[in-house]
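# Overview (structure and organization)
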Amino acid sequence: MLRYANAARWQDTFRENPHRSSRLDPYKPYLERRFAEGCTSVTRLHRDLIAAKAPVTYQIVRAHIATLRGIPADTAPRPLSVRQVTAWLTRHPTALTEEDRADLKEVLARCPELDTAAGHVRDFGEILADRLGSALPTWIDAVDASRLPGLTNFALHLHRDFDAVTAGLTLDWNSGSIEGAVNRETYNTQVILQVEYRGRFSAPGIADSHNTVIDC
């Protein structure tokens, strides 16, 4: 209260907050230089500092990079979308960036069920890429035991045509080119029928609109 009573001006009632030193201070010039050179990945910059034995945390680095970007340091990171996480899970690990892998690791650590699902997806990717059809029964049993919605249903539905699925995951040849030709001819037939019959009459499976669908 004495400060306010003895103040000659209202400006004298304010105290300047002294600069608080931070463990990051010795490394700020390095971060600012790397940022100016185009390296804006917090994950990568933090990893480089840790490799240099810097006693800093990811949060401290992220806060400073946020100031360089002109973003308030206390702004919450943008939530990840389901599509983004799904893309990370279904891509080959070598196709992910270092930042993607770090973010995915953090997401999986928060959700044990998703971590289990990610393991099953990776295992199925290996079966598919390496043509390990003989491992399919073991994979189906493991997924069934995990009781994960969606993924368990997918695995159990493979029993409906198990021999064909196993062959597709084992043999080198496939009917993809033939099916592509058949689909192309079917599409061409649909287009011809749409042009010929559009607006002339209505029949089952034929709708008179720009979204005409004809059952073949």
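This structure is a prediction, so every number in the text was calculated from the model and none was measured.

## Digging into the overall build of the protein
What the protein contains, in helices and strands, is eleven helices and zero strands. Going from N to C terminus, the protein has its helices and strands arranged as α-α-α-α-α-α-α-α-α-α-α. Within the span of the protein, comprising 216 residues, buried residues form 22% of the whole. For the protein, the proportion of contacts with a sequence separation of at least 24, taken over those separated by at least 6, is 42%. For the protein, the exposed surface amounts to about 16000 Å²; the carbon and sulfur share of it is 56%.

## Brief notes about the nonpolar core
Of all hydrophobic cores here, the largest spans twelve residues; its members are Ala-117, Phe-124, Ile-127, Leu-136, Trp-139, Ile-140, Val-143, Leu-148, Leu-151, Ala-155, Leu-158 and Leu-169. Taken together, the elements giving at least two residues each to this core come down to α7 (112–130), α8 (136–146) and α9 (151–157). Per element, the largest residue contribution to this core is four residues, and it comes from α8. Once you skip the residues sitting within four places of it in the chain, Leu-158 turns out to touch Leu-136, Trp-139, Ile-140 and Val-165. Ranked by size, the runner-up nonpolar core spans ten residues in total, among them Leu-24, Leu-49, Val-56 and Val-61.

## A word on the environment of Ala-63
Structurally, the position occupied by Ala-63 is in helix α4 (residues 58–69). Residues Ala-63 and Val-42, 21 residues apart in the sequence, show an inter-C-alpha distance of 9.4 Å.

## Observations regarding α7
For an α-helix, the turn length of 3.6 residues means that residues three or four places apart are oriented alike. Counted at 1.5 Å a residue, the expected span for α7 with its 19 residues is 27 Å, and the 27 Å between its end C-alpha atoms agrees. When α7 is considered as a whole, its buried residues turn out to be Ala-117, Ala-118, Gly-119, His-120, Phe-124 and Ile-127. Looking at the buried positions of α7, the neighbouring elements they touch are α5 (82–90), α6 (98–110), α8 and α9.

## A look at the pattern of salt bridges
Evaluated as defined, the whole model comprises seven salt bridges. Of the charged contacts, one joins Arg-34 and Asp-48 as a salt bridge, the two residues approaching to 3.1 Å between their closest N and O atoms. Of this pair, Arg-34 sits in helix α2 (residues 28–36) while Asp-48 sits in helix α3 (residues 42–51), and the two are 14 residues apart along the sequence. Arg-34 gets classed as buried once you look at its relative accessible area, which sits at 13%. Between Arg-47 and Asp-48 there is a salt bridge whose closest N-O contact spans 3.4 Å.

## Re the packing of aromatic side chains
Under the defined criterion, the tally for this structure stands at three aromatic pairs. A ring pair is formed by Phe-124 and Trp-139, whose centres lie 4.8 Å apart and whose planes are at 45°; its orientation type is tilted. Of this pair, Phe-124 sits in helix α7 while Trp-139 sits in helix α8, placing them 15 residues apart in sequence. Of the two residues, Phe-124 and Trp-139, both sit in the buried class. Their ring planes at 80° and their centres at 5.9 Å tell us that Phe-124 and Phe-154 sit as a pair that is edge-to-face. Of this pair, Phe-124 sits in helix α7 while Phe-154 sits in helix α9, placing them 30 residues apart in sequence. Take Phe-124: its relative accessible area is 19%, and that puts it in the buried class. An aromatic cluster is present here, built from Phe-124, Trp-139 and Phe-154 joined pairwise through their rings.

## Some details on the side chain of His-120
Note that His-120 resides in helix α7. In contact with His-120, other than residues within four places in its own chain, are Trp-139, Ala-142, Val-143, Ser-146, Leu-148 and Leu-151.

## Notes on the packing of α7 against α8
Where α7 contacts α8, the axes come no closer than 11 Å and their chain directions differ by 170°. Here α8 runs roughly antiparallel to α7, going by the angle between their axes. Here α7 contributes Thr-116, His-120, Asp-123, Phe-124 and Ile-127 to the contact with α8, which in turn contributes Leu-136, Trp-139, Ala-142, Val-143 and Ser-146. Broken down by class, the residue content of the contact of α7 with α8 amounts to six nonpolar, three polar and one charged.

Rules behind the numbers
- Residues numbered from 1 in each chain as written.
- Predicted model: local features only at pLDDT ≥ 70, side-chain atom pairs only at ≥ 80, totals over all residues.
- Heavy atoms only, no water.
- Helix = DSSP H or I, 4+ residues; strand = E, 2+ residues; numbered from the N terminus.
- Buried < 20%, exposed > 50% of the residue type's maximum accessible area, 1.4 Å probe, protein only.
- Contact = heavy atoms within 4.5 Å.
- Areas by Shrake-Rupley, 256 points an atom, 1.4 Å probe, with all protein chains shown as cover.
- Core = buried A, V, L, I, M, F, W, Y, C linked by side-chain atoms within 4.5 Å.
- Expected span 1.5 Å × (residues − 1).
- Salt bridge = Lys/Arg side-chain N within 4 Å of Asp/Glu carboxyl O.
- Phe/Tyr/Trp six-rings, centres within 6.5 Å; stacked < 30°, edge-to-face > 60°.
- Axes fitted to C-alpha atoms, helices over the stretch in contact; angles between N-to-C directions.
- Parallel < 35°, antiparallel > 145°, perpendicular 65-115°, else oblique.
- Nonpolar A, V, L, I, M, F, W, Y, C, P; charged D, E, K, R; others polar.

Just geometry here; none of it tells us what the structure is for.
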